[in-house]
Amino acid sequence: MSFVEGAKLFAIGAHGAGNQVRKYTGEPYWVHLEEVATLVMQHGGSDEAIAAAWLHDVREDTAITHATIEMLFGEAVAQLVDGVTDISRPEDGTRATRKRLDREHLARQCATCKTIKLCDVISNTSTIVERDAEFARTYLKEKMALLDALRGGHPELWRQAYLQVSSLLEELMLKDTAERAIEQHLREAKRAC
């Protein structure tokens, strides 16, 4: 079994043990992990980067520790996983405060960590507007701010993430503008009657 295959199977097992599914779609969580790992691979990621892409959420979403990742996959992979893992905790304050702490953490990471996170952003934002337009307003603004911290990652992936997030934000703004225009028209029609 290859190094990357081992990371894939470990990640699938770790997330599967908690019966984790992808929010909104109900798909097995590994679908997201596969999207991220595939993007990393397609953009020239090393075996360590691809393995870390498979493992990128195990520290946040499971009881798996840095020590376990290091023992099984080596220090380089463990460091990459730590680099993309959110460091904030609920006791750190508001959501805005926690997201700022996580952005600052990512801004200090290597290009490989930033590339993995860019792939994560692309995967996570691909359907957010159609699945939860209300939350998407907050989420996409957070991702746009995060993109500044991810400069230095793979330039093509940064551009793809930026275009995806900005076009989705624009779509929401146009939708909001159209809804306000319709509401205004209905108010005016009601007053005219």
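Residues numbered from 1 in each chain as written. Predicted model: local features only at pLDDT ≥ 70, side-chain atom pairs only at ≥ 80, totals over all residues. Heavy atoms only, no water.

Caption draft 1: Main features of the environment of tryptophan 54. Relative to the helices and strands, tryptophan 54 resides in helix H3 (residues 47-55). As a C-alpha pair, tryptophan 54 and glutamate 5 span 49 residues in sequence and 9.4 Å in three-dimensional space. Residues within four places of tryptophan 54 in sequence aside, it is in contact with Val4, Ala7, Lys8, Ala11, Ile12, Trp30, Leu33, Glu34 and Ala37. (Helix = DSSP H or I, 4+ residues; strand = E, 2+ residues; numbered from the N terminus. Contact = heavy atoms within 4.5 Å.)

Caption draft 2: A look at the pattern of salt bridges. With the rule as written, the count across this model stands at 8 salt bridges. When the shortest N-O distance is used, the salt bridge between arginine 151 and aspartate 148 registers 3.6 Å. On the basis of relative accessible area, arginine 151 is assigned to the partly exposed category, the value being 47%. Each member of the salt-bridge network shares a partner with another, and the members are Arg22, Glu27 and Glu35. (Salt bridge = Lys/Arg side-chain N within 4 Å of Asp/Glu carboxyl O. Buried < 20%, exposed > 50% of the residue type's maximum accessible area, 1.4 Å probe, protein only.)

Caption draft 3: Structural context of helix H8 (residues 111-125). Helix length check: H8 (15 residues) gives 21 Å between terminal C-alpha atoms against 21 Å at 1.5 Å per residue, within 8%. Here H8 lies mainly inside the structure; 12 of its 15 residues are buried. Considered for burial, the residues of H8 that qualify are Cys113, Lys114, Thr115, Ile116, Lys117, Leu118, Cys119, Asp120, Val121, Ile122, Ser123 and Thr125. (Expected span 1.5 Å × (residues − 1).)

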